[in-house]
Amino acid sequence: MNCEQIAELLPDYLQGSVTIDQAGQVEQHCQLCNNCAQDVAMWNKFALVPRLQPSPESRARFEAMLHAYRTISDERAGSVETARKSGKLKVAWSFFDWFRSPLGAAAWSVALLVIGVLIGARVGIGTKVANVASPSQSEELTAVHSELTNMRQLVALSMLQQQSASERLQGVSWSGREAHLDPQVQSALLHTLRYDTSVDVRLAALDALSRHGSQPQVRQGVVDALQEQQSPLVQVALIDQLAEWRDPGAAQRLRNFQQTPNLNPAVRQRAEWAISKLQ
Amino acid sequence: MNPVPDEDVMLQVRNGEVDMLGLLFDRYQTPLYNFYAKMTQDRVISEDLVQEVFLRILRYRQTYRPGTTFRTWMYQIARNTRIDQVRKTRPETPLVTEPIAPTSLSDSAQHKQEAATLQRALMYLPEDKRELLVLSRFQELKYDEIARLLGCEVGAVKVRIHRALQQLRQVFLQLESGAPATDANGALEDSRPSAVPPGRRLQ
């Protein structure tokens, strides 16, 4: 067998789905052909790559997402139910009432006439009219994407309000997926950065916001958060972030911050360093 | 006792028993994580993408049709999720070309190094070829499953996998010898290993 014939067998051989005879043919060929033998050797090398395990938090994160999803679905179902009971039924009844009125009867007659004319015209023209353009695929895709974005935002907002710090952490990570930060999510993240009780959650919020430094409100929010932080760890992280954004406007705020009494010396030093970088 | 088939579990999820998705998460989070880890070489992105896949499964559970293999349907979602992620991050991926120093090593250290080189070589392949190798070798998808996933003939899948393997071999040899990983046709110029922060890089 030549290389071309072997090439046809090789993919199946690699996945172990050839007959014993065919396997023998491939192996025999590989003893003589270095090129094909190296393809097989390359495939076998994949066995060296270890199988990885996701982090233990992954399951908890999934649970938190599922929980948030259920909460949102229940809320939605509840509001739809309420709307149905109170609003839509009334609309339906008032529609039928109107239908029975003299004005409704006149409108009904006109509508029938129009429908009759339209049907006549349509039959006359033939099938040409039937080709109504459907919405393009790209429009559908855009709709799907925006729906997913909304879903992620809802999950993030719901999780940011949870009792447990780990769920709020997940909320932060969900919020950071989008290239464009929704204003509602942005304000939730800035709120978390300032007031969350857990240092880890505040740091994660800063990390999520760090990707949106091009937005002035985000930079402003991070500067504002500095004044209220008590944890040196978060203070240093905020200072580093401001230095990284190279926003000269932040230098004055950092100078004011540096004057805060009882400031941790390491934090003061970091602020000095950041000011020198921003000038 | 045989475990409940994925398809039955998914139908339950589709019918509103969303908690049953946990069972599918336990079955597939590791394979999916490995799929993304091989595609991106980034732990954090891989975990994010796994979560995103399950959010999408939940959101679009009504589109799952009875009789469809769950695994194929899930990988379809996983591919789309990855495509969206690539679209968002592509402009920020500079080229990394540090050669691996040739040294004499013990067997296990050498295996480790070969595995690392192999993973780097994978990152130099174009996305579609890398995906074919990852799906067929690491995810152990059969060629007919991959063909359904990509919407092409099984024969075409086999040919493409063989070509991808040959290209990977070339890149692997170049990386091992310390040469920059590009081929004579310049076919690799668009494929660049992602810049992964050191703390997140896979071993």
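Residues numbered from 1 in each chain as written. Chains lettered and ligands numbered in written order. Predicted model: local features only at pLDDT ≥ 70, side-chain atom pairs only at ≥ 80, totals over all residues.

All right, on to the overall build of chain A then. When helices and strands are tallied, chain A shows 13 helices and zero strands. Traced from its N-terminal end to its C-terminal end, chain A shows the element sequence α-α-α-α-α-α-α-α-α-α-α-α-α. Looking at chain A as a whole, 27% of its 279 residues qualify as buried. (Helix = DSSP H or I, 4+ residues; strand = E, 2+ residues; numbered from the N terminus. Buried ≥ 20, exposed ≤ 12 C-beta atoms within 10 Å, placed from the backbone.)

On to the overall build of chain B. Along the backbone of chain B there are eight helices and zero strands. Each helix and strand of chain B, placed in order from N terminus to C terminus, yields the pattern α-α-α-α-α-α-α-α. Looking at chain B as a whole, 35% of its 203 residues are labelled buried. Long-range contacts, defined here as pairs at least 24 residues apart, represent 67% of the contacts in chain B between residues at least 6 apart. (Contact = placed C-beta atoms within 7 Å.)

This part is about the interface of chain B and chain A. Between chain B and chain A, the contact holds 35 residues from the first and 30 residues from the second. Counting residues per element, the ones that place at least two in the side of chain B that touches chain A are helix 2 (21-40), helix 3 (43-59), helix 5 (107-124), helix 6 (127-138) and helix 8 (154-176) of chain B. Of the residues in the side of chain B that touches chain A, the class split is 18 nonpolar, nine polar and eight charged. (Nonpolar A, V, L, I, M, F, W, Y, C, P; charged D, E, K, R; others polar.)

All names here are of chain A. Tracing the sequence through the fold places Q153 in helix 6 (residues 137-160). Among the residues examined, Q153 registers 19 C-beta atoms within 10 Å and is labelled partly exposed. Here the alpha-carbon distance between Q153 and S175, two residues 22 residues apart in the chain, equals 6.2 Å. When near neighbours in sequence (up to four residues on either side) are disregarded, Q153 contacts D182, Q184 and V185.

This brings us to the packing of helix 7 (residues 165-175) of chain A against helix 9 (residues 199-210) of chain A. Residues and elements named next belong to chain A. Running from amino to carboxyl end, helix 7 crosses helix 9 at an angle of 0°, the nearest separation of the two axes being 9 Å. The angle between helix 7 and helix 9 places the two elements in the roughly parallel class. For the pair helix 7 and helix 9, the contacting residues are A165, R168, L169, V172, S173 and S175 in the first and D200, V201, A204, A205 and A208 in the second. Across the contact of helix 7 with helix 9, the residue classes tally to seven nonpolar, two polar and two charged. (Axes fitted to C-alpha atoms, helices over the stretch in contact; angles between N-to-C directions. Parallel < 35°, antiparallel > 145°, perpendicular 65-115°, else oblique.)

The next subject is unusual backbone geometry. The backbone of R246(A) sits at a positive phi, close to 55°, despite the residue not being glycine. Given 10 C-beta atoms within a 10 Å radius, R246(A) is considered exposed. Here the phi dihedral of Q41(B) falls at roughly 60°; this positive angle occurs in a residue that is not glycine. Tracing the backbone shows Q41(B) in the loop between helix 2 and helix 3.

Turn by turn, an α-helix covers 3.6 residues, leaving residues three or four places apart pointing in a common direction. By the largest-angle criterion, Y28(B) marks the main kink of helix 2 of chain B, which is about 45°, and a proline, P31(B), follows within four residues. Q41(B) sits one or two residues past helix 2 of chain B and shows a positive phi near 60°. (Bend = angle between axes of the 7 residues up to and from the residue.)

With that settled, the discussion passes to the confidence of the model for chain A. Residues and elements named next belong to chain A. For chain A, mean pLDDT is 77; residues scoring 70 or higher make up 73% of the total. Least confident of the elements in chain A is helix 5 (residues 102-125), whose mean pLDDT is 56; most confident is helix 3 (residues 34-45), at 92. Residue range residues 89-99 is modelled with pLDDT below 50. Its contacts to residues more than four positions away, or to other chains, number three contacts. For the stretch residues 124-134, pLDDT sits under 50, and the model shows one contact to residues farther than four places along the chain or on other chains. (pLDDT = per-residue confidence, 0-100.)

This part is about the environment of F138(B). As for its position among the elements, F138(B) is in helix 6. Separated by 100 residues in sequence, F138(B) and K38(B) have C-alpha atoms that sit 8.7 Å apart.

As a further point, take the environment of L9(A). Residues and elements named next belong to chain A. Among the secondary structure elements, L9 is positioned in helix 1 (residues 3-14). When the C-alpha positions of L9 and Q25 are compared, they lie 9.2 Å apart, and in sequence the two are 16 residues distant. Once you skip the residues sitting within four places of it in the chain, L9 turns out to touch V18, Q22, Q25 and V26.

Residue and element names in this part refer to chain B. Running from N to C, helix 2 and helix 6 point in directions that differ by 145°, and their axes come no closer than 10 Å. The two elements helix 2 and helix 6 meet at a crossing, and its hand is right-handed. Between helix 2 and helix 6, the contacting residues are N34, F35, K38 and M39 on the first element and R130, E131, V134 and F138 on the second. Here the contact of helix 2 with helix 6 is composed, by residue class, of four nonpolar, one polar and three charged. (Left-handed = near helix turned anticlockwise from the far one by under 90°.)

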